[in-house]
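# Structural description and commentary
Here are the chains, one letter per residue:
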Amino acid sequence: GRMKPVIVVHGGAGRIFKEREEGSRAGVVRAALRGYGILKRGGSALDAVEEAVRSMEDDPHFNAGCGSVLNEKGEVEMDAIIMDGKNLDSGAVSAVKCIANPIKLARLVMEKTKHMLLSDHGAHLFAQAMGVPEIPGEKLITERSRERWKKNLEPDSNPEEFQKDLGTVGAVAIDSEGNVACATSTGGLSNKLVGRVGDTACIGSGGYADNRSGATSTTGHGESIMKVVLARLILYHMEQGLSPEVAADTALDYMKTRVGGLGGVIVVNSSGEWAARFSTKQMSWATVKDDQLHYGIYAGERHTKSVDEALASEREGF
């Protein structure tokens with residue numbers, strides 16, 4: 001292989017409440033280390049982003065998989081997408097219930113069907129056909145999600161206030177072959193209408209990957225992200241010669257001025273440069289490149305550790 005592999009992950013942009021900061025940091029670090037482990041062994045960018053996202057779906061700190069927020073009826077409905085930068089293949093699922101890892105199902109849609117997006121009942125039938133184990137919906141619901149749902153049902157509540165703590169999860173990577181990939185997964189908006197699909201399942205909005213330019217995964221206000229097709233917009237800016245960081249800032253700035261939307265993005269370009277940028281108060285993120293782990297939550301915050309040191313503290317329990 002010629003490329004040095006890189007992985008970047010995010011655990012969602014928005015407001016991360018103090019008592020959840022440590023868990024969010026630990027969760028993105030764990031996901032980045034897992035994805036990087038795959039890349040280090042010569043694994044593909046696709047496998048790395050899928051594994052990183054699966055790790056966060058299984059972590060109740062994030063609004064994806066277990067820990068997803070609830071719709072107006074008090075159920076979990078999840079969206080996920082994965083994309084292969086080599087041939088622009090993609091797979092996505094929307095409004096799926098009773099599945100622990102929607103990202104795995106998205107990968108199966110990409111590899112086992114001629115389609116790119118399956119939703120709700122059809123996604124459910126496909127999961128059964130593929131032997132994906134079903135779990136009771138309650139298994140995905142945390143105490144915190146149920147509390148929030150109840151609060152949002154009160155007549156004087158303002159669900160918009162809570163939308164700021166979003167927590168979509170995502171990953172982008174480039175492997176030693178120079179292939180890029182992205183993956184994004186979410187429980188969506190708290191108290192959303194039944195059947196609401198946000199940006200995550202939509203190619204070009206929730207994520208996009210193209211070996212010629214790079215890969216990106218987004219988080220934030222889904223409807224705003226869809227209006228500007230944020231992921232594809234960032235790659236467009238990189239195709240015009242901008243660095244990942246400037247491309248990300250330019251696109252986020254446009255989304256803010258044009259439609260008043262806030263969000264965050266992670267990016268890797270075809271030469272392995274990366275960025276993690278956000279217009280919200282916070283976004284948990286982590287990246288590994290050259291055996292160095294970097295991570296943060298606040299604007300301007302960046303911790304650095306060697307991977308060996310990070311793996312050692314992983315084993316001791318963060």
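The protein chain is annotated in an unreviewed UniProt entry as Isoaspartyl peptidase/L-asparaginase from Caloenas nicobarica.

Within helix 8 (residues 230-239), 7 of the 10 residues are buried, leaving the element largely enclosed by the surrounding structure. Phi turns positive, to about 100°, at G241, one or two residues after helix 8.

This part takes up the packing of aromatic side chains. Overall, the coordinates contain 1 aromatic pair when judged by the stated rule. Centre to centre, the rings of W274 and W285 are 5.6 Å apart; their planes meet at 40°, and the pair counts as tilted. Taken together, the positions of W274 in strand 10 (residues 274-278) and W285 in strand 11 (residues 282-289) put the pair 11 residues apart, joining distant regions of the chain. Like W285, W274 is buried.

Mapped onto the elements of the fold, M238 is located in helix 8. Classification of M238 as buried rests on a relative accessible area of 10%. For M238 and L117, which are 121 residues apart along the polypeptide, the C-alpha to C-alpha distance reads 26 Å. Setting aside residues no more than four positions away along its own chain, M238 makes contact with S213, G214, S243, P244, A247, V267, V268 and N269.

The rules behind each value
- Residues numbered from 1 in each chain as written.
- Predicted model: local features only at pLDDT ≥ 70, side-chain atom pairs only at ≥ 80, totals over all residues.
- Heavy atoms only, no water.
- Buried < 20%, exposed > 50% of the residue type's maximum accessible area, 1.4 Å probe, protein only.
- Helix = DSSP H or I, 4+ residues; strand = E, 2+ residues; numbered from the N terminus.
- Phe/Tyr/Trp six-rings, centres within 6.5 Å; stacked < 30°, edge-to-face > 60°.
- Contact = heavy atoms within 4.5 Å.

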